[in-house]
Amino acid sequence: MDSASRPSPDAVDPDAPAPAPSRAAASPLSRAAASPLSRAATSPLSRPAFRWFLTSQAVSLLGSAMAPVALAFAVLDGSGGRPGDLGVVLAARMLPLLAFLLVGGATADRFRRRTVLMAANLGAAGTQGTVAALLLTGHYALPPVAALEVLGGVCAAFTTPALRGLVPELVGTASLRPANALLSTVRNATKVLGPSLSGLLVVAVGSGPAIACDALSYAVAAGCLTRLPGHGAAPARRPASVWAQVRGGWREFRRIRWAGPATLSFFVINLVQTGTWQILGPALTERAAGRAAWGLVLSARGIGLLVSGAVLYRLTVGRLLALGQAASALGAVPLLVLGARLGAPWLIAAGFAAGLGVCVTGIAWDTSLQEHVPAHALSRVAACADLLAYAAIPLGQLCVGPLARAYGGSRVVAVAGAVSALAAVAPLASGAVRGLRHAPPSGDAAGPAPPAPGA
């Protein structure tokens, strides 16, 4: 998962197709230097549809990265500095995202994913545009802004599963890893640039125009999606209800032996690491190395994310999921360094290492899902994993404060780092995780993944 760890058919019945078999094995850790012809054949950028998709993601993600800063200042300014209003607005977006995630996965497997994404982007443009209008006209009030953020959270719940399912429709199987590496690089670059750009806009013109830019970015992204082929996979057989699809998605998720251990690992990591880092990280870093060090640590983490994405664009690894699980242990390094009360150089190096690991984990997880889960179930399986992984975040955030008061911040981050590292490597005890093979670059470079049976 990005800042958090990562962990999607007609209803899947007992007779549903099994996941695509593992492709022929590449050398365990090799072929970083494929031939130029091989790289050209598998480059996702050689496909116009993927270039439009990547553009849509760059635009919408930049707007989304700008929105939190602008929204925070807008709510604080409009409410007279009441932090409780900001907490309500943030929760109003997160709760429906979790509540509707499985429905979003079922919808993305039931209808064409391009259509689902276009509708979700236009819906998000409408909600953010209305929030911007309220702010620009001086009519801020907590109930309408919170209600609009609820609708925005619902739109987000339909977006993520559809995104995961659409990538295999746009690129060949052998291009999935470089495609996910490019998407990850764009995502991480917007996380670095977006908040700074938003801060400048807020200072220059206020929060309302910054949120209006977010609304515009969603509309532009929807326009880019219209350039994608309109014949994406659309299952012909549809169950009687969305809930039947949701149940089928759970059955498919439980049937995939490597998905459970990896998702449980992500749940534990998010439980002990995400809230601990967000809540205790700034204060403990300031105490150990000064206030300026926190910005340097975050910058080093961003550089690590970008470097890792660039490396995985070219590097081929035979057992990609296993590498991703091992790399996720690097996310615990900053917590361990904070717990040991080491200085700024150690913290900056730890931030860089964490960025490397988080990016590898995300690319490995997305690629493994797309290669080994059947197309008609991909969005639902991804949604099940995301729900289980992300549900741990608010629980962990609620626990951090009381634990720090009871046992001390340094002790809490040290224990959280140790537990996180153990949870990261624990799935490697599963043969299903260790043995899952990544498609070699010489395979299936000819075209996009085939649609589901009967599509």
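This text goes with the structure placed above it.
Keep in mind the model is a prediction, meaning the values are calculated, not measured.

Draft legend 1. Examining the overall build of the chain more closely. When its secondary structure is counted, the chain shows 18 helices and 2 strands. Across the 455 residues of the chain, 54% fall into the buried class. Split by element, the accessible area of the chain, about 18200 Å² in all, is 69% carbon and sulfur.

Draft legend 2. Structural view of the nonpolar core. Counting 27 residues, the largest nonpolar core has W258, W365, L369, V373 and V381 as its most contacted members. Secondary-structure elements contributing two or more residues to this core are α4 (101-110), α9 (242-255), α10 (259-289), α14 (344-372), α15 (378-390) and α18 (431-434). A per-element tally of this core places α15 first, with 8 residues. If near-sequence neighbours (up to four positions away) are discounted, L369 is found in contact with R164, W258, L378, V381 and A382. Formed by 25 residues, the second largest nonpolar core is a distinct cluster that contains F53, V103, L117 and A120.

Draft legend 3. How the structure looks around α4. With respect to burial, α4 is a largely interior element, 10 of its 10 residues being buried. If you check which residues of α4 are buried, you get L101, L102, V103, G104, G105, A106, T107, A108, D109 and R110.

Draft legend 4. Region of the structure containing the packing of α15 against helix α16 (residues 392-407). Relative to each other, α15 and α16 sit at 5 degrees, their axes nearing to 5 Å. Taken together, the axis directions place α15 and α16 in an arrangement best described as roughly parallel. Facing α15, whose interface residues are L388, A389 and Y390, α16 presents A392, I393 and P394. For the contact of α15 with α16, the class distribution of residues is 6 nonpolar, no polar and no charged.

Draft legend 5. Spotlight on the side chain of T263. If you trace the backbone, T263 turns up in helix α10. The class for T263 is buried, based on a relative accessible area of 3%. At 2.8 Å, the side chain of T263 and the backbone oxygen of A259 are in polar contact.

Draft legend 6. Main features of the packing of aromatic side chains. Scanning all chains against the criterion turns up 5 aromatic pairs. Plain terms: the ring middles of F50 and F53 are 6.3 Å apart, the flat faces sit at 50 degrees to each other, and that makes the pair tilted. With a gap of 3 residues between them, F50 and F53 both fall in helix α2 (residues 48-78), about one helical turn apart. Residues F50 and F53 agree in their burial class; the two are buried. Pairing W250 with F253 gives two aromatic rings, centres 6.0 Å apart and planes at 90 degrees, and the pair type is edge-to-face. Remark: F253 and W250 occur in helix α9; sequence separation between them is 3 residues, near one turn of the helix.

Cut-off values and rules
- Residues numbered from 1 in each chain as written.
- Predicted model: local features only at pLDDT ≥ 70, side-chain atom pairs only at ≥ 80, totals over all residues.
- Heavy atoms only, no water.
- Helix = DSSP H or I, 4+ residues; strand = E, 2+ residues; numbered from the N terminus.
- Buried < 20%, exposed > 50% of the residue type's maximum accessible area, 1.4 Å probe, protein only.
- Areas by Shrake-Rupley, 256 points an atom, 1.4 Å probe, with all protein chains shown as cover.
- Core = buried A, V, L, I, M, F, W, Y, C linked by side-chain atoms within 4.5 Å.
- Contact = heavy atoms within 4.5 Å.
- Axes fitted to C-alpha atoms, helices over the stretch in contact; angles between N-to-C directions.
- Parallel < 35°, antiparallel > 145°, perpendicular 65-115°, else oblique.
- Nonpolar A, V, L, I, M, F, W, Y, C, P; charged D, E, K, R; others polar.
- Polar contact = N/O pair within 3.5 Å; in protein donor to acceptor, adjacent residues only side chain to side chain.
- Phe/Tyr/Trp six-rings, centres within 6.5 Å; stacked < 30°, edge-to-face > 60°.

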